[in-house]
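Residues per chain are reported as follows:
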Amino acid sequence: MAWYNPDGNQVGDEVWNAGWNRSIGLLLNGQTLQVTNEEGKPVIDDSFLILANASHEGVEFTLPPPLVGSNWNQVIDTENIDEPFAKVVVDAKVIVGGRSLKLLSDETPQS
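Since this is a predicted model, take the numbers as computed values, not measurements.

Rules used throughout
- For every chain, the first residue of its written sequence is number 1, and the numbers climb from 1 along that sequence.
- Only residues with pLDDT of at least 70 are given local features in this predicted model, and only at 80 or more are side-chain atom pairs given and counted; all residues enter the totals for whole chains, interfaces and linings.
- Working from all heavy atoms in the structure, the side-chain values ignore hydrogens and water.
- Put simply, buried Ala, Val, Leu, Ile, Met, Phe, Trp, Tyr and Cys residues joined by side-chain atoms within 4.5 Å make one nonpolar core.
- Exposed residues in this analysis have more than 50% of their type's maximum accessible area, buried residues have under 20%, and partly exposed residues fall in between, with area computed by a 1.4 Å probe over protein chains only.
- Each helix corresponds to a stretch of at least 4 residues labelled H or I by DSSP, and each strand to a stretch of at least 2 residues labelled E; elements are numbered beginning at the N terminus.
- Contacts were defined at the residue level, with two residues in contact if any of their heavy atoms lie within 4.5 Å.
- Only strands joined by at least two bridges in the DSSP assignment are considered to pair.
- Axes, fitted as lines to C-alpha atoms, cover a helix only where it is in contact. Angles between the N-to-C directions of the axes lie from 0 to 180 degrees.
- We call two N or O atoms a polar contact when they sit within 3.5 Å, provided that within protein one can donate a hydrogen and the other can accept it, with sequence-adjacent residues counted only if both atoms are side-chain atoms.
- For every residue, the pLDDT score states the predictor's confidence, bounded by 0 at the bottom and 100 at the top.

(A) Representation of the nonpolar core within the structure. Counting 13 residues, the largest nonpolar core has Leu49, Leu51, Phe61, Leu63, Trp72 and Leu104 as the members making the most contacts within it. Going through the elements one at a time, β1 (2-4), β3 (48-53), β4 (59-62) and β7 (93-96) are the ones with two or more residues in this core. Not counting residues within four places of it along the chain, the set of residues in contact with Leu49 comprises Leu26, Leu27, Leu63, Pro64, Trp72, Lys102, Leu103 and Leu104.

(B) Broad picture of the environment of Ser23. Turning to its location among the elements, Ser23 is positioned in strand β2 (residues 23-28). Relative accessible area serves as the criterion here: at 6%, Ser23 is assigned to the buried category. Sequence-wise, Ser23 and Ala54 are 31 residues apart; in three dimensions their C-alpha atoms are separated by 6.1 Å.

(C) Looking closely at the sheet that holds β3. Spatially, β1-β2-β3-β8-β5-β6 is the arrangement adopted by the six strands of the open sheet, whose pairing is antiparallel. Edge positions in the sheet fall to β1 and β6 (88-90), since each has one partner strand and no second. Going from strand to strand, the sheet's axes swing by 30° on average, the running direction of each strand aside. Bridging between strand β5 (residues 72-77) and strand β8 (residues 100-105) involves four bridges; their strand directions are antiparallel. Pairing of Gln74 across the sheet is with Leu104, part of β8.

(D) Highlighting the side chain of Lys102. Inspection of the secondary structure assignment puts Lys102 in strand β8. In this structure Lys102 comes out as buried when scored by relative accessible area, which is 6%. Reaching out from Lys102, the side chain makes a polar contact with the side chain of Gln74 at a distance of 3.1 Å. In this view, Lys102 contacts Leu49, Ile50, Leu51, Gln74, Ile76, Asp77, Val94, Ile95 and Val96; residues no more than four positions away in its chain are not counted.

(E) Quick peek at the confidence of the model for the protein. Considering every residue of the protein, the mean pLDDT works out to 90; 96% of them sit at 70 or more. β4 holds the highest mean pLDDT among the elements of the protein, 98, whereas helix α1 (residues 13-16) holds the lowest, 76.

(F) The arrangement of the pairing of β8 in detail. The buried count for β8 comes to five of six residues, which makes it a mostly enclosed element. In terms of strand pairing, β3 meets β8 through six bridges, oriented antiparallel. Looking at the pairing, Ile50 lines up with Leu103 of β8.

(G) Fine view of unusual backbone geometry. Backbone geometry places Arg99, a non-glycine residue, at a positive phi of 50°. Here Arg99 shows up in the loop between β7 and β8. Of the residues examined, Arg99 reaches a relative accessible area of 62% and is grouped as exposed.

(H) Looking closely at the pairing of β7. Residues Val94 and Val96 line the buried face of β7, whereas the alternating positions Lys93 and Ile95 sit on a face that is not buried. Looking at chain direction, β4 and β7 are connected through four bridges and run antiparallel. Paired with Glu60 across the bridge in β7 is Ile95.

Quick look at the structure:
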């Protein structure tokens, strides 16, 4: 698990107590679950990146590189009321709308 600023850098200690911080990213790494299956093999899963924006304005996030594959894929966008689950391949930067969040996955999208 890792926390990211909108600029793509990991969150430092000073950010946690800053009253001005309204946007943050959380990376859940499915490659490092530290769990094994019945055969003793490591369990791995997709990795997820949650981008949350509590500001009333959109915020541009620079994304960390995907852990698997070449792109992040949008799973949920709460700003898109008509199609919140629209599958979209995301570039290196993405704007998260005001008071919304995006959930991204490094999973290869299924046709």
